[in-house]
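Each chain, written out:
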Amino acid sequence: DREVITARIEKLKVQVAKLFEGSDVQVVNNADWLEKLSLIEFLRDIGKYFTVNNLVKKDAISVRMKSDEGISYTEFSYMLLQAYDFLELHKRYNCDLQVGGSDQWGNIVSGVDLIRRKTGNKAYAFSWPLLTDKAGKKFGKSEGNAVWLDAEKTSPFKFYQFWLNCD
């Protein structure tokens, strides 16, 4: 609900301020443009740049389609929403670079392509391999092995010990 989202936004702002102390970093909320966007507008103005054929070739989607649990429409359309976010950040804030883990590569590149097709401008993607355990399982909340930068969730001692003891 909105109260939870608002609280999380405030916590993220604190984390960003700590990580980028001394820099001029601005935190924005994609709800500022997504909440005003109608479905018809989105499908007409953004959806036309994506083919289902290309979407199902993306690793993030193809792997889920082959799995026993499949993929929901929400998850399937997430790539378009992330691409649209990059387009809006580009238009509103002159953002030309999106960074993320390698699991986000397809989403990020979709944004680069959308920016080029809609505006004719260049945008860039940068990703890095995910940190994984020795079995190749990524670290994160969805895997049940997350560590947090927030000292209230993971103490600095436990954070240090986690990485020290990790293969």
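Remember, it's a predicted structure, so these values are computed and weren't measured experimentally. (Residues numbered from 1 in each chain as written. Predicted model: local features only at pLDDT ≥ 70, side-chain atom pairs only at ≥ 80, totals over all residues. Heavy atoms only, no water.)

Things to note about the overall build of the protein chain
- In terms of regular secondary structure, the protein chain is built from eight helices and two strands.
- On the principal axes, the C-alpha backbone points of the protein chain span a range of 50 × 40 × 35 Å.
- The burial tally for the protein chain puts 24% of its 167 residues in the buried class.
- Total accessible area computed for the protein chain in this model is approximately 12000 Å², and 55% of it derives from carbon and sulfur atoms. (Helix = DSSP H or I, 4+ residues; strand = E, 2+ residues; numbered from the N terminus. Buried < 20%, exposed > 50% of the residue type's maximum accessible area, 1.4 Å probe, protein only. Areas by Shrake-Rupley, 256 points an atom, 1.4 Å probe, with all protein chains shown as cover.)

Concerning the nonpolar core
- Grouped together as the largest cluster of nonpolar side chains are 18 residues, with contacts concentrated most on F42, I46, F50, L55, Y84, L87 and L114.
- Ranked by the residues each element gives to this core, the list is headed by helix α6 (residues 73–93), at seven residues.
- In contact with F50, other than residues within four places in its own chain, are L55, L80, A83, S110 and L114. (Core = buried A, V, L, I, M, F, W, Y, C linked by side-chain atoms within 4.5 Å. Contact = heavy atoms within 4.5 Å.)

Examining the pairing of strand β1 (residues 97–101)
- Direction of pairing for β1 relative to strand β2 (residues 124–128): parallel, over a ladder of five bridges. Bridge assignment links Q98 to a residue of β2, and that residue is A125. (Pairing = 2+ DSSP bridges.)

Read these as layout, nothing more, since geometry by itself doesn't imply function.
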